[in-house]
Amino acid sequence: MSTVELDVRNQAGLPRGAAKAAPRTHRSFGDPAFRVITLICGLAVAIAMFTLAGVLIFNSWTAISELGVGFLTTVAWAPSNGRYGALAALAGTAMTTAVAMLIAVPLALVIALLLTELVPPGIARVVGTGIEMLAAIPSFIFGMWGLFVLVPFMQESVAPWVTESWLGQVPLIRPGATFQGGGFSILTAGLVLALMVLPYITAFSRDVLLMVPRVTKEAGYGMGSTTWEVLRRISLRYALSGIVGATFIGLGRALGETMAVAYLVGGDFLTVPKSLFDPGTTVASLIALQFNEATTALDVSALTALGLVLFVITMVFQVVAHVWLRRSQRTAGGRA
Amino acid sequence: MVGTKVRERPDTGQDVLVAPPTEVAAARATGDDDFEALESIISARHLDFFYGKEQALFDNNLEIKKNRVTAVIGPSGCGKSTHIRTYNRIYELYRDHKATGEVIFDGRNVLAPGTDLLDLRRRMGMIFQKPSPFPMTVFDNVAYGLRQHYRLSRSELADRVEDALKRSALWDEVKHKLGEPGVALSGGQQQRLCIARCIATEPDVVLMDEPASAIDPVATSKIEELMESLKENYTIVIVTHNMQQAARVSDYTAFFYEGHIVEFGPTTQIFSNPQQKQTEDYITGRFS
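Source: prediction; values computed, not measured. (Residues numbered from 1 in each chain as written. Chains lettered and ligands numbered in written order. Predicted model: local features only at pLDDT ≥ 70, side-chain atom pairs only at ≥ 80, totals over all residues.)

A. Structural detail: the overall build of chain A. A count of helices and strands for chain A gives 13 helices and two strands. Rg of the C-alpha trace for chain A: 28 Å, well past the compact-globule value of 20 Å for 336 residues, more than 25% over. Counting only C-alpha atoms and orienting by the principal axes, one finds that chain A spans roughly 95 × 60 × 40 Å. The 336 residues of chain A split such that 38% are buried. (Helix = DSSP H or I, 4+ residues; strand = E, 2+ residues; numbered from the N terminus. Rg over C-alpha atoms; globule rule 2.2 N^0.38 Å. Buried ≥ 20, exposed ≤ 12 C-beta atoms within 10 Å, placed from the backbone.)

B. Representation of the overall build of chain B within the structure. A tally of helices and strands in chain B yields eleven helices and ten strands. Classification of the 288 residues of chain B by burial places 46% in the buried group. By sequence separation, contacts in chain B at least 24 residues apart represent 71% of the contacts at least 6 residues apart. (Contact = placed C-beta atoms within 7 Å.)

C. How the structure looks around the pairing of strand 1 (residues 40-51) of chain B. Residue and element names in this part refer to chain B. Sheet topology note: the strand 1/strand 2 (residues 54-65) ladder contains eight bridges and is antiparallel. Of the residues in strand 2, the one forming a bridge with leucine 47 is asparagine 60. Where strand 1 hands over to strand 2, the hairpin turn is made up of two residues, of which glycine 52 adopts a positive phi near 65°. When strand 1 meets strand 4 (residues 97-105), the two strands line up antiparallel, connected through eight bridges. Each bridged residue has a counterpart across the sheet, and for phenylalanine 50 the counterpart in strand 4 is lysine 98. (Pairing = 2+ DSSP bridges.)

D. Region of the structure containing the confidence of the model for chain B. Residue and element names in this part refer to chain B. Mean pLDDT for chain B: 85, with 88% of residues reaching 70 or above. In the predicted structure, residues 1-31 sits below a pLDDT of 50 and forms 52 contacts with residues beyond four places in sequence or in another chain. Here the complex is predicted with pTM 0.76, and the ipTM for its interfaces comes to 0.84. (pLDDT = per-residue confidence, 0-100.)

E. Expanded view of the interface of chain B and chain A. Residue-level contacts link 25 residues of chain B with 18 residues of chain A. For the side of chain B that touches chain A, the secondary-structure elements that each account for two or more residues are helix 3 (117-123) and helix 4 (138-149) of chain B.

F. Broad picture of the confidence of the model for chain A. Residues with a pLDDT of 70 or more make up 92% of chain A, whose mean pLDDT is 86. This stretch, residues 1-9 of chain A, has a pLDDT under 50; its non-local contacts, to residues over four places away or in other chains, come to zero contacts.

G. View of the nonpolar core. In terms of nonpolar packing, the biggest core is built from 155 residues, with Val192, Val197 and Leu306 of chain A together with Val206 of chain B touching the most fellow members. It is helix 8 (residues 186-210) of chain A that provides the largest number of residues to this core, a total of 17 residues. Those residues in contact with valine 197 of chain A, other than ones at most four positions away along the chain, are Ala100, Ala104, Gly250, Arg253 and Ala254 of chain A. (Core = buried A, V, L, I, M, F, W, Y, C linked by C-beta atoms within 7 Å.)

H. Seen up close, the sheet that holds strand 1 of chain B. One open sheet accounts for four strands, arranged 2-1-4-5 (chain B); its pairing is antiparallel. Pairing within the sheet leaves two strands with one partner each, and these edge strands are strand 2 and strand 5 (108-109) of chain B.

I. Just the packing of helix 5 (residues 87-118) of chain A against helix 10 (residues 227-256) of chain A, in detail. Residue and element names in this part refer to chain A. Contact pair helix 5 / helix 10: the axes reach a minimum separation of 9 Å and the direction vectors enclose 140°. In terms of their interaxial angle, helix 5 and helix 10 are classed as oblique. Both helix 5 and helix 10 take part in a crossing whose hand is right-handed. In contact with Thr93, Thr97, Ala100, Met101, Ala104, Val105, Leu109, Leu113 and Glu117 of helix 5, helix 10 contributes Thr227, Leu231, Ile243, Thr247, Gly250, Leu251, Ala254 and Leu255. Across the contact of helix 5 with helix 10, the residue classes tally to eleven nonpolar, five polar and one charged. (Axes fitted to C-alpha atoms, helices over the stretch in contact; angles between N-to-C directions. Parallel < 35°, antiparallel > 145°, perpendicular 65-115°, else oblique. Left-handed = near helix turned anticlockwise from the far one by under 90°. Nonpolar A, V, L, I, M, F, W, Y, C, P; charged D, E, K, R; others polar.)

J. Broad picture of helix 10 of chain A. Taking 1.5 Å per residue, 30 residues should reach 44 Å; helix 10 of chain A reaches only 38 Å between its end C-alpha atoms and comes up short. Roughly 60° is the biggest bend found in helix 10 of chain A, and it falls at leucine 240 of chain A. (Expected span 1.5 Å × (residues − 1). Bend = angle between axes of the 7 residues up to and from the residue.)

K. Representation of the sheet that holds strand 9 (residues 252-257) of chain B. Residues and elements named next belong to chain B. Read from one edge of the open sheet, six strands run 6-7-8-3-9-10, paired in mixed fashion. Since the sheet does not close on itself, it has two edges, and those belong to strand 6 (124-127) and strand 10 (260-266), each with one partner. The sheet shows a mean angle of 15° between the axes of neighbouring strands, taken without regard to direction. When strand 9 meets strand 10, the two strands line up antiparallel, connected through six bridges. The partner of alanine 254 across the bridge, within strand 10, is phenylalanine 264.

L. Structural view of the packing of helix 4 of chain B against helix 7 (residues 187-200) of chain B. Residues and elements named next belong to chain B. Their axes nearest at 7 Å, the elements helix 4 and helix 7 cross at an angle of 30°. When the axes of helix 4 and helix 7 are compared, the pair comes out roughly parallel. Between helix 4 and helix 7 the crossing geometry is right-handed. Mapping the contact onto sequence places Val138, Asn141, Val142, Tyr144, Gly145 and Leu146 in helix 4 and Leu193, Ala196, Arg197 and Ala200 in helix 7. Considered class by class, the residues forming the contact of helix 4 with helix 7 number seven nonpolar, two polar and one charged.

M. Just helix 8 (residues 217-230) of chain B, in detail. All names here are of chain B. Under the 1.5 Å per step criterion, the end-to-end length of helix 8 is 20 Å for 14 residues, consistent within 8% with the ideal 20 Å. What helix 8 keeps buried is the set Ala219, Thr220, Ile223, Leu226, Met227 and Leu230. Each buried residue of helix 8 sits inside an arc of 120° when the element is viewed along its axis, so together they form one side. Residues of helix 8 that are exposed and point over 90 degrees away from its buried face: Val218, Glu225, Glu228 and Ser229. (Arc of directions from axis to C-beta.)

In structure tokens:
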């Protein structure tokens, strides 16, 4: 029966010569070809990683062999005096990143929860888009804004007010010997960093919170939970791994951010900051600012070694995050 | 309505057509209940429901009897789930869902403003179509409501969790897995875990919204057995697509069609001697 029908349709509709459709051949090539392509792409990522690490190690070998562990324990970066120390920059990176994450993560979580659970959908869409646009602004702009707006504000209003009050006696706030008024400081850089990583963490957290199944939330409310209890005990638990992932994306960005921080952090390569209001430097901004002035092979090699240190730090954080996530999934069983 | 498919779930009910009336009658002899004399725990009166502007329930009147199993049957989209979702006001999570009329529970209209929703929902537990374990361990799942509603010592909590799991016929299967994630259990076990979580807080009523439609037949029969034993302490309202299931587990049955309650009565009567033509057509599979 079907043959007859086919013939009729061929005569009626299809051009001559197309009467009999040729069977498609070579279909079996699709899968192997796809496999090869994905394999190549996957390998490319791995190769890029290892090459990067290899080049960093190779180029910093002179510094590693000449300076040894002292590179990490020496404070000041003063090549003209023959001193290559990463400690001041490492401390600055740790402090600016800590400030940024302490501010950005809680804020991002609150915003994400508001957007997914509490605010009417229309408003949530507008605000969500605004936050995503914040992520698209080049870091240079953040640096400019910090320079023209935040630095004077910190210098004229915040720093004097805080340091002269009783807070000024608290460690980490009490100004150190290098205090320059608090405008260009660890805190200023950290605040701008917080603003820069906030949209990333918010957007990713919102996406994972949106994936909490409706029925799971309904079951929570059905148990007589308040909105807060459902958010805290169910939605956040469910989305935890995604939120941690989002945090690490933000952390990676904060650790590596260069130009905005280089503008604002004060450029003190010589001392470990004693206070949030002291100037300092970070690993990334130190590399950026010193590369033009590097004259000897050792200068360049030492700067590359700084890059290697940053690379290792971010890798360690990634590994720790993965291990922690896997452990928390074993007990909680949230989504990957 | 010619050719309306009544059977939507070939996976669970291979043959949804109901067993011959005499068999049903022999299996369950509940006709001797005196309906009028039994205490109603829930009374829906003139209940209407709206999804935005679209009306989904029309003047629903239904008496749920204490310590009995009431089945709610009908083709999909007829308002079965919508109806029971008014009892614990879970529909309120969505902005444009509205219910009018009365749902009297324990002498009070739960739809009235000022109802303590948290306590209402503790007293009316709900089991959903899809097993919904929380992202935490088996133990913490069952302890969830206990921690929320009661102040218990560690050992009391452990006792109550064990008790709830035993009454849900799950204890023997999970007693060595209490520290594992709830989602690691099989689908049927997850659904019994949800039942354990629900009855742990000692509700008066358990609302089951197609509890067996997403799990396999063996797990389904375990849940049906469980309902038989739970009925001693709880009132159960079960929404189901599967008419054999309704006939097996329930004392009373309400047949819904297009938002109206067409017929309500003892299950034996609904299945052996329906008064309405629509009911008869539905239960015999001749839906037209």
